[in-house]
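Coordinate analysis (summary)
The primary structure of each chain is shown beneath.
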Amino acid sequence: MAAANTNITADAIEATEFMDLSRKYRVTGVPKTIVNETVEILGGLPEQDFVRAALEMPDAP
Amino acid sequence: MGLLSPQDEATLKQHLSVITIPVQLVLFTQSIGGSESGTVTKQILGELAGLNDKITLVEKNFVLDTEDKSKYRVDKAPAIVILSDDVDTRMRLYGAPTGYEFVGLVEAIIVAGTGKIDLDPQTLKWIQAVDKPTHIQVFSTPT
């Protein structure tokens, strides 16, 4: 996603190495995705579902 | 001894052969007070860079190289910043890229090295329409 749009930054974080962050974002399972500190996605999703959830666009066709 | 087996190396070499654009892997580590994973990360990236002459490892000190740290907005180490022909791809990996993270690293290198994004056209359209700063953090574990 970051490669496709300069407005997007994507960090892959090893949860056990950065325990403070994992606690901050309540990472109880992986993968867990946090977008702009507000959206939380737990687990893996199909590509379109993931992007819709990450970009908060529930009404997209 | 290398972390990658000769068989892994051969498979990876083939995967990475699609790269046409130089990729720089900027690695930030902290030698004093840092974790062991910095050393592992350096070894993994060194072995990857050895498989394709378009991949270069650039080492930075998390404590001393403050200018680069702020340029790439790196706030923890070990950190890998992936550049495509010296241009920031805004893809970062934090922590040692072992297990699933290694797969992600290789995929990110291929995106940076080919300029091709393997996504559904509709999904790509949604992503390209994003007009505000969006920070995505994905947490995973090695296994």
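The model shown is predicted, which means the values in this text are computed figures rather than measured ones. (Residues numbered from 1 in each chain as written. Chains lettered and ligands numbered in written order. Predicted model: local features only at pLDDT ≥ 70, side-chain atom pairs only at ≥ 80, totals over all residues.)

**A short note on the sheet that holds strand 4 (residues 87-94) of chain B**
Strand order in the open sheet made by the eight strands is 3(A)-2(A)-5(B)-1(A)-4(B)-3(B)-1(B)-2(B), with mixed pairing throughout. Because the sheet does not close on itself, it has two edges, and the strands there are strand 3 (39-42) of chain A together with strand 2 (55-61) of chain B. Direction aside, neighbouring strands of the sheet carry axes that sit 20° apart on average. By the bridge criterion, four bridges tie strand 1 (residues 8-14) of chain A to strand 4 of chain B in an arrangement that is parallel. Bridge pairing in strand 4 of chain B links I13(A) to Y94(B). (Pairing = 2+ DSSP bridges. Helix = DSSP H or I, 4+ residues; strand = E, 2+ residues; numbered from the N terminus. Axes fitted to C-alpha atoms, helices over the stretch in contact; angles between N-to-C directions.)

**Quick notes on helix 4 (residues 100-114) of chain B**
All names here are of chain B. In this model, helix 4 (15 residues) spans 21 Å end to end at C-alpha, consistent with the 21 Å of a helix rising 1.5 Å per residue. All buried positions along helix 4 are accounted for by E101, L105, A108, I109, V111, A112 and G113. G115 occupies a position one or two residues after helix 4 and carries a positive phi of about 75°. (Expected span 1.5 Å × (residues − 1). Buried ≥ 20, exposed ≤ 12 C-beta atoms within 10 Å, placed from the backbone.)

**Focus: the environment of L4(B)**
All names here are of chain B. Secondary-structure assignment places L4 in the segment before helix 1 (6-16). According to the C-beta neighbour criterion, L4 is partly exposed, with 18 such atoms within 10 Å. Sequence separation between L4 and E36 is 32 residues, and the spatial gap between their C-alpha atoms is 18 Å. In contact with L4, not counting residues within four places along its chain, are E9, L12 and E47. (Contact = placed C-beta atoms within 7 Å.)

**Description of the interface of chain A and chain B**
When the parts come together, some accessible area is lost, and that loss is often what is quoted as the size of the interface. If you look at the interface, chain A gives 34 residues, while chain B gives 35 residues. Elements with a contribution of two residues or more to the side of chain A that touches chain B: strand 1, strand 2 (32-35) and helix 2 (47-54) of chain A. No other element matches strand 1 of chain A, which puts seven residues into the side of chain A that touches chain B. When its residues are assigned to classes, the side of chain A that touches chain B shows 21 nonpolar, eight polar and five charged. Bridge count between strand 1 of chain A and strand 5 (residues 134-140) of chain B: seven bridges; the pairing is parallel. Counted as the bridge partner of I13(A) is F139(B) from strand 5 of chain B. (Nonpolar A, V, L, I, M, F, W, Y, C, P; charged D, E, K, R; others polar.)

Nothing here speaks to function; it is geometry throughout.
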